[in-house]
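# Observations on the three-dimensional arrangement
This is what each chain is made of:
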Amino acid sequence: TWVLVIGIQESAIVNTVAVIIKVAVVLFFIVYGAGFVNPSNWVPFAPGGFTGIMGGAAIVFFSFIAFDAVSSTAEETKNRQRDMPLGMIGSLIICTVLYAGVSLVLTGIIPYTELADDAAPVASALSVAGSQWAHLFVSAGALAGMTSVLLVFQMGQPRIFMAMARDGLLPPVFSKLHPKFKTPLTPTVVTGVVVALASMFIDIGQAAELTNIGTLTAFVIVCFSVIILRKSDKDRVRPFACPLVPLVPGMGIAFCTFLMISLPLITWIGFFIWMAVGAIVYFLYGFHKSRLSQEVSE
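These remarks concern the structure in this document. Values in this document were obtained by computation on a predicted structure and should not be read as measured data. (Residues numbered from 1 in each chain as written. Predicted model: local features only at pLDDT ≥ 70, side-chain atom pairs only at ≥ 80, totals over all residues. Heavy atoms only, no water.)

### Side note on the overall build of the protein
- On a plain count of helices and strands, the protein comes out with twelve helices and zero strands.
- Starting at the N terminus and ending at the C terminus, the protein contains elements arranged as α-α-α-α-α-α-α-α-α-α-α-α.
- Relative to a compact globule of 298 residues, whose C-alpha radius of gyration would be 19 Å, the protein shows 21 Å and is just as compact.
- Judged by the C-alpha coordinates and their principal axes, the protein covers about 70 × 45 × 40 Å.
- Buried residues in the protein amount to 28% of all 298 residues.
- A sequence separation of at least 24 residues applies to 72% of the contacts in the protein between residues at least 6 apart.
- Carbon and sulfur atoms form 73% of the exposed surface of the protein, whose accessible area is close to 18,200 Å².
- Distance between charge centroids for the protein: 12 Å, based on 16 positive and 15 negative side chains. (Helix = DSSP H or I, 4+ residues; strand = E, 2+ residues; numbered from the N terminus. Rg over C-alpha atoms; globule rule 2.2 N^0.38 Å. Buried < 20%, exposed > 50% of the residue type's maximum accessible area, 1.4 Å probe, protein only. Contact = heavy atoms within 4.5 Å. Areas by Shrake-Rupley, 256 points an atom, 1.4 Å probe, with all protein chains shown as cover. Lys, Arg positive; Asp, Glu negative; His and termini not counted. Charge placed at Lys NZ, Arg CZ, Asp CG, Glu CD.)

### Some thoughts on the packing of aromatic side chains
- Taken as a whole, this structure holds eleven aromatic pairs when the rule is applied.
- When the ring of tyrosine 282 is compared with that of phenylalanine 287, the centres are 5.9 Å apart and the planes differ by 75°; the resulting orientation is edge-to-face.
- The class for tyrosine 282 is partly exposed, based on a relative accessible area of 33%.
- Here a set of aromatic residues connected by ring pairs shows up, and it is made of Phe28, Tyr32 and Phe36. (Phe/Tyr/Trp six-rings, centres within 6.5 Å; stacked < 30°, edge-to-face > 60°.)

### Regarding the nonpolar core
- By size, the foremost hydrophobic cluster in this structure holds 14 residues, and its most contacted members are Phe61, Ile213, Leu216, Val220, Leu259 and Met260.
- Once residues within four sequence positions are removed from consideration, valine 220 is found in contact with Ile253, Cys256, Thr257 and Met260.
- Formed by 13 residues, the second largest nonpolar core is a distinct cluster that contains Ile110, Leu115, Ala125 and Val138. (Core = buried A, V, L, I, M, F, W, Y, C linked by side-chain atoms within 4.5 Å.)

### Regarding the packing of helix α2 (residues 8–33) against helix α5 (residues 80–109)
- Running from N to C, α2 and α5 cross one another at 40°; their axes reach a closest spacing of 9 Å. In terms of orientation, α2 and α5 fall into the oblique class. Where α2 crosses over α5, the two elements pack in a sense that is left-handed. Counted together, Val26, Leu27, Phe29, Ile30 and Gly33 of α2 and Leu98, Gly101, Val102, Val105, Leu106 and Ile109 of α5 form the full contact between these two elements. (Axes fitted to C-alpha atoms, helices over the stretch in contact; angles between N-to-C directions. Parallel < 35°, antiparallel > 145°, perpendicular 65-115°, else oblique. Left-handed = near helix turned anticlockwise from the far one by under 90°.)

### Brief notes about the side chain of asparagine 212
- Assignment of secondary structure puts asparagine 212 in helix α9 (residues 204–232).
- In contact with asparagine 212, not counting residues within four places along its chain, are Ala58, Ile59, Phe61, Phe62, Ile65 and Leu263.

### Here we look at a nonpolar patch on the surface
- A surface patch of nonpolar side chains, about 680 Å² in accessible area, is lined by Leu185, Val189, Val193, Leu197, Met200, Phe201 and Ile202.
- Structurally, the position occupied by valine 189 is in helix α8 (residues 185–201).
- Owing to a relative accessible area of 37%, valine 189 belongs among the partly exposed residues under this scheme. (Patch = residues over 30% accessible without salt bridge, like charges linked within 9 Å, V, L, I, M, F, W, Y side chains within 5 Å. Salt bridge = Lys/Arg side-chain N within 4 Å of Asp/Glu carboxyl O.)

### Describing the environment of leucine 136
- Examined against the element boundaries, leucine 136 turns out to sit in helix α7 (residues 132–167).
- Through-space distance from the C-alpha of leucine 136 to that of alanine 123 is 7.5 Å; in sequence the pair is 13 residues apart.

### With respect to α8
- For α8, with 17 residues, the first-to-last C-alpha span of 25 Å sits near the 24 Å given by 1.5 Å per residue.
- All buried positions along α8 are accounted for by Pro187, Thr188, Thr191 and Gly192. Seen along its axis, α8 keeps its buried residues to an arc of 135°; they face one direction. With respect to the buried face of α8, the exposed residues turned more than 90 degrees away are Met200 and Phe201. (Expected span 1.5 Å × (residues − 1). Arc of directions from axis to C-beta.)

### Overview of α2
- The terminal C-alpha atoms of α2, which comprises 26 residues, lie 36 Å apart, in line with the 38 Å expected from a rise of 1.5 Å per residue.
- Listing the buried residues of α2 in full gives Ser11, Asn15, Ala18, Val25, Phe28, Phe29 and Gly33.

Pasting the structure below:
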């Protein structure tokens, strides 16, 4: 939180160092761990069938949310029309390949049935392989990885709060920048405190599932909005014009909805509770304060 308050460049430096360490460890695990793979552990390759694949995809979606968080920093990007799509799509492809490689090596070393209750499966796999030094190396990389993920998540959320405050959906204090560092001070600190408290009391699995369903819902809303705005506001200047409308947003709606259906019932219950809380805040405060709503009514 402190790094995010003092500036975006400082945050980028810290994040770059953490990502270099993390990627190096991931590549090391894939290359080094491949020598300990037992192909018989991959039989059957998809024991849960298509349902199991979709359930796993709905859970692991949590790992891809950072790409959405990157979009919230568009205001602080020098050449946003070029850099944002290139950075997001390029890193998405690279990370997907790395995720698949780690999964193959991991389940090749240890049978998937033994991984369910393991909080650090990658490190455990190297311990099983008898490589204690590699186990320590990977553990250090995991720490760097968690740091970079927290940094990116906590960088995006305050800027969303800031944008909401500019429209009046949140109190004005959330839109004020630090006089020296020019970062959104209040939402950054509030986000940091909430994340710290949540980490003390909320199970990480449940937190991931709630985050997934919330983000997937946001994606569905955005896709619907693209289709509607393309019809209702044709003349708006669009620096980021979505191609092949309504095909691309329509596919986004379908895929995101399918992933949401794959999440467990308890996640849906928690989701509706949080949606109700958000609706209460909106109708008691945001609805009456929104500048956009006032402009439309006028």
